[in-house]
Amino acid sequence: MASFLLESVWLIPCYSLVGSCLAIFWSPGIIRRTGPRPAGYINLVMTFLSFVHAALAFPATWNQVPYEVSIPWLSTAGLNLSIDVSVSSASVGAIIVITGLNFLAQIFAIGYMEMDWGWARFYALLGLFEAGLCALVLCNSLFFSYVILEILTLGTYLLVGLWFSQPLVVTGARDAFLTKRVGDLFLLMGVLAIWSVAGTWNYTDLARWAETADVNPVFLTLTCLALIAGPMGKCAQFPLHLWLDEAMEGPIPSTILRNSVVVATGAWVLIKLQPVLTLSPVASSAMVAIGAVTALGGSLIAIAQIDIKRCLSYSVSAYMGLVFIAVGTQQDEAALLLVLTHALAAALLVMSTGSVVWNSITQDVTLLGGLWSRRPVSGIAYVVGILGLIGFPPLGGFWALLKLASGLWETHPWLVGIIIVVNALTGFSLTREFSLIFGGKPKQMSERSPEVSWQMALPTIVLFAFNLHLPLVLQSLSLLPDWATLNKDVALLLIWSSIFGCSISGVMYLSNIIAKPIRFPVKILQDLLAHDFYTPKLYRGSIVLSVDLISKLADIIDRFVFDGIVNLVGLISILSGQGLKYSTSGQTQFYAFTVLLGVGVLGALMSWEYWGVHFMNLFF
């Protein structure tokens, strides 16, 4: 039975894909008698089957050689494409996390979107997302990974734009889609370039090729930078980070997946490409630099946000920046552990804040407050989410950050400093948001805010319990370090930075020692962080303006040059035809005179060089 489940793991993406296709029958206009709710229940059952299949197959993959499957797809003109699948403990474990979080998100959506008119379409898109994510972690081909990432980009656009009757939602979906397309374009260049030198897209073959590769360093560097650009957009890294903030216009249940596992898709591809990226020191340094800038910048920006969703979105970008640092310094195990712990903690934070958004009039955290007594489940879940994300023992985030910092302690101590600072800033920003939402006295916007229904509370409690038990799961899998090998200096730095960030924020926002509202001493700094370092304005003044000017110039050239020439030829044809129509008399002598006149003019032009010279000499 175990061997059968292991050999059929590659079928797991098909479960959710079938559920997504069946949900189409309950879309508006097809089945009206039952309403759209059966579409959600079908997807729930298919997601549960995927989760059970992966969970039962996982023990058979532990400490075993990856099981690979190759399905021929296309063979033409010397190009042989096959769908390559690699079943390993990492890929099956990732499927368990993806399907488990999607199952909880779908239960959460039953309560959150109870009366929504886009129910069937929403669940169909969640099924498509799950199928794409599971296929990506199983895929062992760079080319098909790119194809799957494109499908996920389309899914992001459709999910963010679910409520397409709202102009702000349409704008957010469009901006998120176009921002990710920039990175995807460069990624496609890198995918095609690596084929020209390696002759394969299989990740295993690429790793084998990288051991003896002899390629022009400039070409290799440009190719690796192009391969990094796509994951930059997927992981919301600077300067392609704005899409995650725009995507917050989508429903909260879809944000549970997007903020936890969808943003990590780029990191998964980078980890698979690690042997190739290691060949270029410039590419590795670029990843570290991008991750460091995003981690520090995102942590600082999150401090100055007042929208309940924006506070979390920039924290997600900051954490993905740490993942980029881990990949750029060849800390693959630390990167995978960071992705796991972040996915669980971030999903719990989104569920907690989503329950607040569901029955609150505003998303402005400065207008909320005093919800601790009214929303105990959401408040406790938010606290556990904070502690699971930062370096607070014994929860998962502490072990992930400890593994990364310990690996960099001897070689890159300055990166350890960045990790400590980002950890303190993350603790400060999340504690600030918790204090503004749940602390203090109830305000006008939060006086009547009861706890949510069981459909939203149950998945929150389940994920809350799993975050608490994550260290036991990691210990059972022998993924936690022994006490004898533990880097105690790094552990103490992480613990003290977490305590420092959380306590300073608690004193500022929970106590009455400091007057409210709290602002930065320098207004310029306040505006700089609140407006995302003015990155949107820089985009509008540089890239958007350049594209707009080039488009207008191309329009002018197309309208007055190319269209002008075509229209001129057409006008001449029309005028000449009209002229011939009115000059035709039907008399033979007139036609003969016209022919003789034409021949005479043609002869005069051809003999101009002979008689024209004599004519000029005669008069001049």
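Under the annotation held in an unreviewed UniProt entry, the protein carries the name NAD(P)H-quinone oxidoreductase subunit F and is attributed to Tolypothrix bouteillei VB521301.

Engineer: So what's going on with the overall build of the protein? Residues and values would help.
Structural biologist: Counting its regular elements, the protein contains 25 helices and two strands. For the protein, the spread of C-alpha atoms along the principal axes amounts to about 110 × 60 × 60 Å. Out of the 620 residues in the protein, the part that is buried amounts to 51%. Expressed as a percentage of contacts within the protein between residues at least 6 apart in sequence, the contacts between residues at least 24 apart total 79%. For the protein, the computed accessible surface area is about 29100 Å², with 71% contributed by carbon and sulfur atoms.

Engineer: Describe the layout of surface pockets, with residues and values.
Structural biologist: A volume near 1200 Å³ is recorded for the largest pocket. Taken together, 44 residues line the largest pocket, and the ones lying closest to its centre are Ala90, Gly93, Ala94, Val97 and Leu340. Elements with a minimum of two residues in the lining of the largest pocket: α3 (37–61), α4 (89–112), α5 (119–138), α12 (265–272), α16 (332–358) and α20 (454–476). Ranked by residues supplied to the lining of the largest pocket, first place goes to α4 with 12 residues. By residue class, the composition of the lining of the largest pocket is 35 nonpolar, six polar and three charged. When we break the lining of the largest pocket down by domain, the ones giving at least three residues each are domain 1 (1–140) and domain 2 (344–518).

Engineer: Account for the pattern of salt bridges, with residues named and values stated.
Structural biologist: Applying the stated criterion to the full structure yields four salt bridges. Close ionic contact of lysine 234 with aspartate 184 constitutes a salt bridge, the shortest N to O distance being 3.1 Å. Linking lysine 234 in helix α9 (residues 217–234) with aspartate 184 in helix α7 (residues 167–198), this pair joins segments that are 50 residues apart in sequence. Residue classification places aspartate 184 among the buried residues on the basis of a relative accessible area of 0%. In this structure, arginine 559 engages aspartate 555 in a salt bridge whose closest nitrogen and oxygen atoms are separated by 2.9 Å. Here aspartate 555 and arginine 559 lie together in helix α23 (residues 535–583), a separation of four residues that amounts to about one turn. By relative accessible area, which is 48% here, arginine 559 ends up partly exposed.

Engineer: So what's going on with the nonpolar core? Which residues, and what values?
Structural biologist: Grouped together as the largest cluster of nonpolar side chains are 165 residues, with contacts concentrated most on Leu101, Leu142, Val261 and Leu322. Counting contributing residues, this core receives three or more from each of domain 1 (1–140) and domain 2 (344–518). In this view, leucine 101 contacts Leu257, Ser260, Val261, Ala343, Leu344, Ala347 and Leu463; residues no more than four positions away in its chain are not counted. Membership of the second largest hydrophobic core comes to five residues, among which are Ala23, Trp26, Ala39 and Ala124.

Engineer: Would you mind going over the environment of threonine 426 in detail, with residue names and values included?
Structural biologist: In this structure, threonine 426 sits in helix α19 (residues 413–438). Each C-alpha atom of the pair threonine 426 and serine 141 lies 35 Å from the other, and the pair is 285 residues apart in sequence. Ignoring sequence-local partners within four residues, the contact set of threonine 426 consists of Ser299, Leu389 and Ile390.

Engineer: Which residues make up the packing of aromatic side chains, and what are the values?
Structural biologist: Under the defined criterion, the tally for this structure stands at 13 aromatic pairs. Aromatic pair phenylalanine 48 and phenylalanine 103: ring centres 5.6 Å apart, planes at 45 degrees, arrangement tilted. With a gap of 55 residues between them, phenylalanine 48 in helix α3 and phenylalanine 103 in helix α4 connect regions that are remote in the sequence. With relative accessibility at 41%, the residue phenylalanine 48 sits in the partly exposed group. Phenylalanine 103 gets classed as partly exposed once you look at its relative accessible area, which sits at 23%. Ring centres of tryptophan 195 and tryptophan 201 lie 4.5 Å apart, and the angle between their planes is 35 degrees; this geometry places the pair in the tilted category.

Engineer: Tell me what's going on with empty space enclosed by the protein, and back it up with residues and numbers.
Structural biologist: Considering all chains together, one arrives at four cavities of 30 Å³ or more under this definition. In this model, the largest cavity occupies a volume close to 50 Å³. Lining the largest cavity are Asn259, Leu312, Ser315, Val316, His342, Ala346, Leu349, Val350 and Leu389. Of all elements in the fold, only α15 (308–328) and α16 reach the threshold of two or more residues within the lining of the largest cavity. Grouping the amino acids of the lining of the largest cavity by side-chain chemistry returns six nonpolar, three polar and no charged.

Engineer: So, the packing of helix α17 (residues 376–389) against α20: which residues are in play, and what are the values?
Structural biologist: Packing of α17 against α20 brings their axes to within 10 Å, and their N-to-C directions diverge by 30 degrees. By the angle between their axes, α17 is roughly parallel relative to α20. When you trace α17 past α20, the crossing you get is left-handed. Contacts between α17 and α20 involve Val377, Ile380, Ala381 and Val384 on the former and, on the latter, Thr460, Ile461, Phe464, Asn467 and Leu468. Tallied by class, the residues present in the contact of α17 with α20 amount to seven nonpolar, two polar and no charged.

Engineer: Give me the confidence of the model for the protein: which residues, what numbers.
Structural biologist: Per-residue confidence for the protein gives a mean pLDDT of 82; residues scoring 70 or more make up 91%. In the model of the protein, helix α25 (residues 608–619) stands out as the element of lowest mean pLDDT, 61, in contrast to α19, which has the highest, 89.

Engineer: Tell me about the environment of valine 357, and please be specific about residues and values.
Structural biologist: Structurally, the position occupied by valine 357 is in helix α16. The residues contacting valine 357, other than those within four sequence positions of it, are Tyr112, Ile308 and Gln363.

Engineer: Any chance you could break down the environment of serine 542 for me, citing the residues and the numbers?
Structural biologist: In this fold, serine 542 is placed in helix α23. Residue classification places serine 542 among the partly exposed positions, given a relative accessible area of 33%.

Engineer: Kindly report on the state of the cysteines, identifying the contributing residues and their values.
Structural biologist: Enumeration over the complete set of coordinates arrives at zero disulfides. Between cysteine 21, a cysteine without a disulfide, and cysteine 14, which holds the nearest cysteine sulfur, the sulfur-to-sulfur distance is 10 Å. Cysteine cysteine 235 is unpaired, with the sulfur of cysteine 224 as its nearest cysteine sulfur at 17 Å. For cysteine 235, a relative accessible area of 1% corresponds to the buried category.

What counts as what
- Residues numbered from 1 in each chain as written.
- Predicted model: local features only at pLDDT ≥ 70, side-chain atom pairs only at ≥ 80, totals over all residues.
- Heavy atoms only, no water.
- Helix = DSSP H or I, 4+ residues; strand = E, 2+ residues; numbered from the N terminus.
- Buried < 20%, exposed > 50% of the residue type's maximum accessible area, 1.4 Å probe, protein only.
- Contact = heavy atoms within 4.5 Å.
- Areas by Shrake-Rupley, 256 points an atom, 1.4 Å probe, with all protein chains shown as cover.
- 1 Å grid on protein atoms, 1.4 Å probe; cavity = no way out; pocket = protein on both sides within 12 Å on 5 of 7 lines; lining within 4 Å.
- Points joined across faces, edges and corners; volume = space filled by probe spheres on them.
- Nonpolar A, V, L, I, M, F, W, Y, C, P; charged D, E, K, R; others polar.
- Domains from an automatic or database assignment.
- Salt bridge = Lys/Arg side-chain N within 4 Å of Asp/Glu carboxyl O.
- Core = buried A, V, L, I, M, F, W, Y, C linked by side-chain atoms within 4.5 Å.
- Phe/Tyr/Trp six-rings, centres within 6.5 Å; stacked < 30°, edge-to-face > 60°.
- Axes fitted to C-alpha atoms, helices over the stretch in contact; angles between N-to-C directions.
- Parallel < 35°, antiparallel > 145°, perpendicular 65-115°, else oblique.
- Left-handed = near helix turned anticlockwise from the far one by under 90°.
- pLDDT = per-residue confidence, 0-100.
- Disulfide = S-S within 2.5 Å.

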